[in-house]
Structure formats: C-alpha cells, structure tokens
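Architecture and fold: a report
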Amino acid sequence: MRALFPCSRNEFNQVKASNKEIYGSGGDQVSATLKSVFELALASQGTERTAQMLEKLAQELRSAPRPAGGITTPYANTIPVEEQPEYPGDRVIERRIKSIMRWNAMAMVVKANSTTNVGGHIASFASSATLYEVAQNHFFRGASENFPGDQVYFQGHAAPGMYARAYMEGRLDEKDLKNFRQELTDGGGLSSYPHPYLMPKFWQFPTVSMGLGPIMSLYQARFNRYLQARGLVNWKSEPKVWSFLGDGESDEPESLGAITLAARENLDNLIWVVNCNLQRLDGPVRGNGKIIQELEGLFTGAGWNVIKVIWGGDWDDLIKRDKTGLLLKRMEECVDGDYQKYVVEPGSYTRKHFFGKYPELLELVTHLSDEQISKLLRGGHDVRKMYAAYQAASEHQGQPTVILAKTVKGYGLGEAGEGKNISHQQKKMNEKELREFRGRFNIPVSDDVIAETPFFRPAPDSEETKYLLARRQKLGGFIPARIVKPATLDVPKADYFAEFFKGSTAEASTTMAFVRLLTLMLRHKGVGKNVVPIIPDEARTFGMDALFKDVGIYSPKGQLYEPVDKKSLLYYLEKKDGQILEEGISEAGAMSSFVAAATSYASHGVPMIPFYTYYSMFGLQRVGDLFWLAGDIRARGFVLGATAGRTTLNGEGLQHQDGHSLLHASTIPTCLPYDPAFGFELAVIIADGLRRMFVENEDIYYYLSLYNENYPMPPMPAGVEDGIVKGLYRFKRGYEGAKVKAHIFGSGSIMQSALKAQAILAEKYGVSADVWSATSYKLLRTDAIRCQRWNMLHPTQPAKINYLESLLAKEPGAFVAVSDNIRTVPDQIAPWVPGGLFTLGTDGFGRSDTRGRLRRFFGVDAESTVIGTLYALAEKKLIERKVVAQAIKDLGVNPELAQPQIV
Ligand SMILES: Cc1ncc(C[n+]2csc(CCOP(=O)(O)OP(=O)(O)O)c2C)c(N)n1
Ligand SMILES: [Mg+2]
C-alpha cells in the first residue's frame, strides 16, 4: 500500500470510513474499500496511471479462476497500445494487395449477377478482408515436411475473397473467376462456398451451414491432440486450428454449444475469430445490446482467453486525451444499433450524436473534420490491431483464444451497401457505385471498361505479386489447399471375420455382433491403432462398456480420481492415450469428432477408421446437416445407428423408435446405407467398406442400422457376398414344387418376421415364398436409376439391365417387402420390381409396448407378413381373395385395428 500510495494508514482509514457510510457494511464493505483505494490512486497517481493499473488488474481478473458465468471488461481493446507489437509487414503494399482483392471479390459477384441470377455475397468479405489478409501475410502456416499446415475454417460467405486471393496468387485464372457460381458452364467455375466435394484441391472444410464450421474446428483441434497423445503423428510443431465466423453465426447452438470443452481440454491450438460487423442477414445482430460484450461474457465464463479488438489506431489518440473517462462511458452507452447508424450516416451525425452527448467529447474531436470522423477505423480494419491480437492468440498457452473483432459490414461499399440492413444481399452495383469503390481503393480500372467490372491482376513481376508470393512461400505455401497424400491401410479382409460366417445357435443381436467385430478390429495388428470408437454416452446401452477398460477413454488429464467401479474387471478407465472418444451427450460433438477422424487421411495423411455408434433416432434426424457435411468433406468411416427399428426398439416410445434414418441416409450422395440382418452380413459389408475406403481410397462413408433383438445368427449361405454388398440376395428359398410362388424382402431385425411368414405360408397356405435379404434399398435404386438414365439417353442401343432386374426378371409370383422402417425405404425400388412391390412398414409415430404388440400394431409381424403376401398374390389373381380373408381370421388379426399413420 505504501509503495503505491503516498498516504498514511490514517488517511486511508478516513477515506474508507466515509465510503463505508455510503456503501454500508458487510459485503458492501469490500466495495467501499475498493472505492477508497481507487480514489486514493486517482488522487496520488493521476488518471492515466490509475487506468493502467486497473487494466492490469482486469487482466489478472480475466485469468483468475472463477465459477462459470459471464464477465465483461470495458468496451475497449484488450491489448493496450503500449503492448502492441511493431507491425512486421509493409503496410502500404499489403493495403494495395488487399484493395485489389476487394475489387476482384466484388467484381466476381457483380459480374456473375449481371448476366445470371446465381447470387453471391460482397459484404461479408468486405468486412473481413483485413482479418484474413493479416493472417495470410503473417500467420497461416502452409503444409511442409512433417507439418500438416494450419487448419483454417473460412467463413463461407467470404469465399469470393479467398478466390480473389488465389487469383492473385496465380492459382486460379480469369475464367475461374468469371464462372463463379457457374460450375456447369464452360468447363466449370468456382463453387459458391467452401465445398471440398466440388473443389477437392482447394477447400478443406465446408463451413457455410452456420455453426458447423465453429463446432467442427473445435473438435478438429481436439482430434489433433488425440492423434498426438496416441503417438500417431510426430509433428515438428503443432498446427493451429483457426475458425472464422460471423457474429450472427454465434446465434447457432452449434457455434457456442461446445466451447467449454475447448477450455476444459486446454485447446491452445484453437483460435476463433468472430467477425463482429454487428449485422446478420436481416439487420443488426444485437441492435439493443452489444454482441461483443455478450460474447466476451460467454467465452470468458467458459474459460477462454478473450481478445477484443474494437477500436482502430485512429481512436488511440482520442482515448489517450480523454482525461474524464467520458469517452469510454459514451462507448459503453451506445448499443450496436447506434454503431451501425454511425456507419451509414455522415461524420457530422457521429459528431452530433456520439461525441455531442457530452461537451467534453466534442472538444476532443474539434481538430477532426466530419470526413475524418466518419473514417475513424474500427479495430477489425486496422492491421496493427489485428496483428497484435493474432500474435497474442498464437502465443497464448493453456486456453483457446477467441478474437472479437469489430468491423463494418460491406466496408468500402459506400452508398451501395456499407452498414445497411440490405448489405448482406447486395450483389449488384451501378456504374457510379463502381467508380466510388474504385476511387476509394485506388484500382487501376479505366472509365470506359468499369461497367464491365473487369478483373485486375498485377503482373507476375509487380511488387504486389512478388510480395504476396514471398509471404506465402515464407509461411509454407498456399491456404486454403487440400493436399491429399496417397496413403492406404493394411485393412483386414473378410476372412479376418470368419467367425461370423459360421453363425451361432446362441442368440445375439446385430449390435452384439458389431461390438464383437469392433473388438476384433481394435485387436488387429495392422490397423487396430487406427480405429477410433466414438460414442455419445451410450456405450452401456450397446454393450460396449467392456471397451472402456480394453482400450481406455481418451482424456488429456488421464484419470485424476479412482473410479467407483475400479474393483470390477471392466472399470471406467480414462487415460491420456485412451482410444475411445466418449463424447458425452452431444451428438453434434460426436459427429464433429467423426468428421475429424474420417478426414484425417486428408488433413494429416494419417487415415483413421472411425466407428461412430449412437442411438439411431438421435443421429440423422437430429444432426442431419453434419451428416450431409460429412459427404461434402469426403469423410471415410462407419456410422452405426444402434437401437434402430420402430418396433424392434420397444418400450421407449415415440421419441426413440427410429424408422426413417435409412431414408435420411439415402439422401446423402456419398453415404452407403445398409440394413444388415445377420452378423455375417455386417462382416461382409464392413470388410468391403474397409477395402473401398482405405485401399481403393473412395470418398464414401457407411451408415449401418444395428438392432437390439436377439436371435440365432445363421451361417452365411454360399456365394452371397456380392449380393450383400450390392443390396439384395436370396437368403432362403421356399419349398420346391409349390403351385404358388412369392418373394419376401426382409432386412434388419424384421427379417425374423419374413422367415416366420415363410414357414406359415408353406404350412398353412401352400405358398412357397423365397426370403431375400435386402441389405440396401438405396444402392439398388441408385444402380437402377443409373441404368435408366443411360437407357433413356441411348434409346437405340441395347438396354442395360440393372442389378434388380437381372436378379428378379425370371422370378414368378408376387413381391412383398417388410421393414421396420417406413414404407418409403423399400418403396425406393418399387418401379423396378417385376409386377410391382407390395410393402409393409412402420409409418407413423412409435408407441411404448412390447415388441410383439408393436409389430402387430404396425403390421410387420409374421402374421401380418403372411396376410400381406397373400393379398399381393390375390391382387395378381394368383390366389383367391377368400384365402386372404380366411388367413385374417386364422391368424387372429383384427381388420379394424387403428391405422398408425396419421395425415
Ligand atoms: C444454418 C444456416 N442458416 C441460415 C443460413 C443463411 N445465412 C447465410 S449468411 C447469414 C447471415 C450471416 O450473418 P453473420 O454470421 O453475422 O455473417 P456476416 O456476413 O455478417 O459476416 C444467414 C442467415 C446459413 N447459411 N446457414
Ligand atoms: Mg455479421
């Protein structure tokens, strides 16, 4: 105290006593004491020094342990001017480069929309150009020997800016830019947003579905730690994962839903940059509040290192000269709606309404013209401020960092769309607006061609091009770039799973079969270490808990406690190099981990084999967008929807009983959905998947339904492997010599109904039914569609026969499908089944009851299958209708049973 304040303890106590009167006693005594210290500091040290001391204390406060919850600091830059490092780049050249990029990014969108209506965005990149350029010139590290490169998640709507840079780098040419969003034109153009599926050498991470970029980047950073902890990589330095997101994007639950994980696991390899241009698509993000403050509170509470970059260097002098504290007060008072207004109104407005609120503040800006006031930079447009933030973030240890950078949406577009509510959708500019833009950024485009918005690229030997290339060369190469080094795995062939081909009389479910298969995979000498079991808090449900002890649960902290079940053989083991990713109750998080593991072959040149097993109802239906993204990002791996089947999973009722995931999975172009009925089918499918993905390097992934119904697992009939993989094979023929023939397609657990129906039909109705296992309706359909299209376009050539036709063309009788999924799943193949397909399925909401009652209710039990088959035969006039009526009576089926499907 003495050292700081040249006052006696007596003097201090006097001030303290008077403050105590104001603040009262008890808890408030602390406030009184703080206030006393503050007043004395102010009196003895002056405003400036006191402010510095307070800032230091605020910094300490930020890193102090605290309970979860929001905490904010003043609406000021986190990094004080004194701690701002020298800018290492050539600001003049960098500005010229950036200006050219601004022009080309804008021109690309305007040009495309002058002749088409393909859309595009100008305002997002206009606001974030500095955020990217500082990182491109000084931070993003490209891949090099023993270093996979920093992983950067670019904000999807800023894609034109990334193309504009790649154009200047010489990676894209004018034709590419001209065909922005015209991928089917003239040999192909650039994809609208980051899509690795469409531009596999350029984009690494799809981001444009808001919220998915942030959550994936977080789990990517964690997966990088996992790979290191398990000794699967040995990098010379650790890559940083950068994620750029919009402030509006932070509204998505996925964006913020997992941020505590990043802090808990000390992911200091993760840097998020939130482009706080205060606007989203329709209008302000938080017109009545401050998004930066709100996010600061959330991230600080979650344990992140928060760096606010609010004010550009132009403000430093004003802040310094403000001895009253009124400037900060005014900054705090204004809401984001006000700040947006200051962008669209002239400087005179800001003078009057922002500074003019207090005469002292007006004084502060008397030396500035209105024009200068209107140009006072925001932090996110100031390269020195951004550099300081990136530098601090890169060096920060022990916590992930979020940089909250304040910018202007549509920066530089002026009247055409700077800070306006319509800015997001601005994609056209008239000649006057183009001239203004050109003037503001000094682009050498002449008046006579400006209306055509020509692209401008400095010559290869220009200062700009040389500078730009030298910077990227120094940093290891271009970003974004998706460089996939060829790598294959020595995966097991089908015979490794021979035990499944023998079958077993002991009852088992396909889930149990899968767990056994996964155990075999984990024990495999060649690729066991590449297996990544991922589970969102459901291992016990699936009988996978034995794996906890076998291979351990990944935890960067190891296990700091003794697990309650330590005495049991299979206790809950967490360890630093654990193999299982136990994600807790976060399907979005688990799916993000799946994506990280499933793209490890591309990101790191280390193929991994993820098996993500989850409660099927909470997968495609809940986080379907991430499944879609897994296709785009070229994921390779297995997802397993366990507890599948609207009637097989009984008891759990409406919200749990899944009968439609297979249909959802069918909509994803690179996903192969399978519905195996038996252990041997599972083994054949997985062995084939391993070969296709990790030997043939196909960019596909698998979705398999797993069920929890126990029944004897039969041995594999001879020669069915090809049919299993293609989607249909004859599992069990009906008896020979019958007059009436039928065919029942079963799949998954409901195969049991098909087999029982086969026996009843033979015994009671003299019908010989062949039972087929339909392992994948989607694959059958895809094959049929492919042939159909070819035939349509080659009408004079011999028609191609699809797989289904080749199997069924000569089969007599009626065809019936029975499924534990909605009818649309089997109906996918109906057009190609000779004489049509009669389908039984589980349309409608599930109910809690026994399996038997549920199957009767939905009409997919053995008896209903018999009736369905007889009906299909009667429809074809192969039997008489009265046989069906008799069967309904014989089998005790109530014909007036309520229909489960509503509307
Ligand atoms: C999941 C999802 N919902 C909606 C959209 C449509 N959309 C595209 S951009 C946008 C606004 C973006 O605002 P912000 O995140 O603040 O980005 P900015 O362009 O302002 O940087 C919206 C709603 C989307 N791409 N993804
Ligand atoms: Mg925004």
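See the structure above.
Residues numbered from 1 in each chain as written. Chains lettered and ligands numbered in written order. Predicted model: local features only at pLDDT ≥ 70, side-chain atom pairs only at ≥ 80, totals over all residues. Heavy atoms only, no water.

Now for the overall build of the chain. A tally of helices and strands in the chain yields 36 helices and 20 strands. Along the longest, intermediate and shortest principal axes, the C-alpha atoms of the chain span 110 × 75 × 55 Å. Per-residue burial for the chain yields a buried fraction of 58% across its 903 residues. Sequence separation of at least 24 residues holds for 76% of the intrachain contacts in the chain that already meet a minimum separation of 6. Accessible surface for the chain amounts to roughly 36900 Å². Of this, 53% is attributable to carbon and sulfur atoms. For the chain, the separation between the mean place of its 105 positive charges and that of its 102 negative charges on side chains is 1 Å. (Helix = DSSP H or I, 4+ residues; strand = E, 2+ residues; numbered from the N terminus. Buried < 20%, exposed > 50% of the residue type's maximum accessible area, 1.4 Å probe, protein only. Contact = heavy atoms within 4.5 Å. Areas by Shrake-Rupley, 256 points an atom, 1.4 Å probe, with all protein chains shown as cover. Lys, Arg positive; Asp, Glu negative; His and termini not counted. Charge placed at Lys NZ, Arg CZ, Asp CG, Glu CD.)

Right, let's talk about the coordination of the magnesium ion (ligand 2) for a bit. When a metal holds four donors in a tetrahedron, each ideal angle between them is 109.5 degrees; when it holds six in an octahedron, the ideal angles are 90 or 180 degrees. Around the magnesium ion (ligand 2), the protein contributes the donor atoms Asp247 (OD), Asn277 (OD1) and Gln279 (O), at 2.0 to 2.1 Å from the metal centre. Every donor residue of the magnesium ion (ligand 2) comes from the same chain, spaced as D-x29-N-x1-Q. Separated by 32 residues along the polypeptide, Asp247 in the loop between β2 (241-246) and α8 (253-256) and Gln279 in the loop between β3 (270-276) and α10 (291-301) bring together distant segments of the chain. Each of the two residues, Asp247 as well as Gln279, counts as buried. (Donors = N, O, S within 2.8 Å, 3.2 Å for Na, K, Ca; no water.)

Moving on to the pattern of salt bridges. Enumeration over the complete set of coordinates arrives at 50 salt bridges. We note a salt bridge from Lys341 to Glu345, for which the minimum N-O separation is 3.6 Å. You can call Lys341 partly exposed: its relative accessible area is 36%. When its relative accessible area of 25% is taken as the criterion, Glu345 is described as partly exposed. Through salt bridges that share partners, Glu133, Arg165, Glu169 and Arg171 make up one connected network. (Salt bridge = Lys/Arg side-chain N within 4 Å of Asp/Glu carboxyl O.)

Turning our attention to the sheet that holds strand β19 (residues 814-818). If you trace the five strands from one edge of the open sheet to the other, you get β16-β18-β17-β19-β20, paired in mixed fashion. Taken across any chain shown, the strands that pair with only one partner, and hence form the sheet edges, are β16 (729-732) and β20 (838-840). Taken pair by pair, the neighbouring strands of this sheet meet at an average axis angle of 30°, ignoring direction. Relative to β19, strand β17 (residues 740-746) runs parallel, the two sharing four bridges. Pairing of His743 across the sheet is with Phe815, part of β19. (Pairing = 2+ DSSP bridges. Axes fitted to C-alpha atoms, helices over the stretch in contact; angles between N-to-C directions.)

An order of β10-β7-β11-β12-β14-β13 is seen for the six strands of this open sheet, with the pairing classed as parallel. In this open sheet, the two strands that pair with only one neighbour each are β10 (581-582) and β13 (671-674). The sheet contact formed by strand β7 (residues 531-535) and strand β11 (residues 609-615) spans four bridges and is parallel. For Val532, the partnering residue across the bridge sits in β11 and is Pro610. The strands touched by helix α28 (residues 679-694) within the sheet are β11, β12 (637-642), β13 and β14 (701-705), with β14 carrying the most contacts at an inclination of about 170°.

Close contacts around ligand 1 come from 18 residues, with Ser124, Gln155, Asp247, Gly248 and Lys409 the closest. Within the side chain of Asp247, an N or O atom sits 2.8 Å from an oxygen atom of ligand 1. One of the backbone nitrogen or oxygen atoms of Gln279 is found 2.9 Å away from an oxygen atom of ligand 1. In isolation ligand 1 exposes 590 Å². Once the protein is present, 76% of that is buried. (Near = heavy atom within 4 Å. Polar contact = N/O pair within 3.5 Å; in protein donor to acceptor, adjacent residues only side chain to side chain.)

A few words now on the packing of aromatic side chains. The final tally for this structure, using the stated rule, is 56 aromatic pairs. Taking the centre distance of 5.6 Å and the plane angle of 70° together, the rings of Tyr342 and Phe354 count as edge-to-face. On the criterion of sequence distance, the pair formed by Tyr342 in helix α13 (residues 336-344) and Phe354 in the loop between α14 (347-353) and α15 (359-364) is long-range, its members being 12 residues apart. Its relative accessible area of 11% is what places Tyr342 among the buried residues. (Phe/Tyr/Trp six-rings, centres within 6.5 Å; stacked < 30°, edge-to-face > 60°.)

Let us now look at the environment of Pro458. Relative to the assigned elements, Pro458 resides in the loop between α19 (447-450) and α20 (463-474). Taking relative accessible area as the criterion, Pro458 reaches 8% and is therefore assigned buried. C-alpha separation for the pair Pro458 and Ser666, spaced 208 residues apart in sequence, amounts to 48 Å. When near neighbours in sequence (up to four residues on either side) are disregarded, Pro458 contacts Ile100, Met168, Glu464 and Thr465.

The next thing to look at is α28. Because each turn of an α-helix spans 3.6 residues, side chains separated by three or four positions end up pointing in the same direction. Compared with an ideal rise of 1.5 Å per residue, which puts 16 residues at 22 Å, α28 spans 22 Å between its outermost C-alpha atoms and is within 8% of the ideal. Of all 16 residues in α28, 14 are buried, a share of seventy percent or more. (Expected span 1.5 Å × (residues − 1).)

Counting 106 residues, the largest nonpolar core has Leu218, Trp304, Phe355, Phe594 and Phe745 as its most contacted members. In terms of residue count, helix α7 (residues 212-229) provides more of this core than any other element does, nine residues in total. When residues no more than four places from it in sequence are discounted, the contact partners of Phe745 are Leu728, Trp772, Ala774, Tyr777, Leu808, Phe815, Val816, Ala817, Val818, Ile829, Val833 and Leu837. (Core = buried A, V, L, I, M, F, W, Y, C linked by side-chain atoms within 4.5 Å.)

Turning next to the packing of helix α4 (residues 123-138) against helix α17 (residues 383-395). Relative to each other, α4 and α17 sit at 60°, their axes nearing to 9 Å. It follows from the interaxial angle that α4 and α17 lie oblique. Taken as a pair, α4 and α17 cross one another with a handedness that is right-handed. Across the interface between the two elements, Thr130, Leu131, Val134, Ala135 and His138 from α4 touch Val383, Met386, Tyr387 and Tyr390 from α17. Its residues assigned to classes, the contact of α4 with α17 comprises seven nonpolar, two polar and no charged. (Parallel < 35°, antiparallel > 145°, perpendicular 65-115°, else oblique. Left-handed = near helix turned anticlockwise from the far one by under 90°. Nonpolar A, V, L, I, M, F, W, Y, C, P; charged D, E, K, R; others polar.)

Next up on the list: unusual backbone geometry. A cis amide bond, omega 0°, links Ile479 with the succeeding residue Pro480. Note on placement: Pro480 falls in the loop between α20 and α21 (498-502). Residue Thr453 is not a glycine yet carries a positive backbone phi of 40°. Considering the arrangement of structural elements, one finds Thr453 in the loop between α19 and α20.

Okay, the pairing of β13 next. Regular strands have side chains that alternate between both faces of the sheet. The alternating pattern of β13 places Cys671 and Pro673 and Leu672 and Tyr674 on opposite faces, both of which are buried. Chirality of the crossover, the property in question, places the unit of β13, α28 and β14 among those that are right-handed. (Right-handed = clockwise from strand over helix to strand, strands pointing away.)

Attention shifts here to the side chain of Asp322. Residue placement: Asp322 occurs in the loop between α11 (314-321) and α12 (326-333). There is no salt bridge for the buried Asp322, and the closest opposite charge comes from Lys323, which lies 8.7 Å off by N-O distance. A polar contact of 3.3 Å, which involves the side chain of Asp322, links it to the backbone nitrogen of Gly325. The contact partners of Asp322, leaving out residues within four places of it in the chain, are Leu327, Leu328, Leu361 and Leu364.

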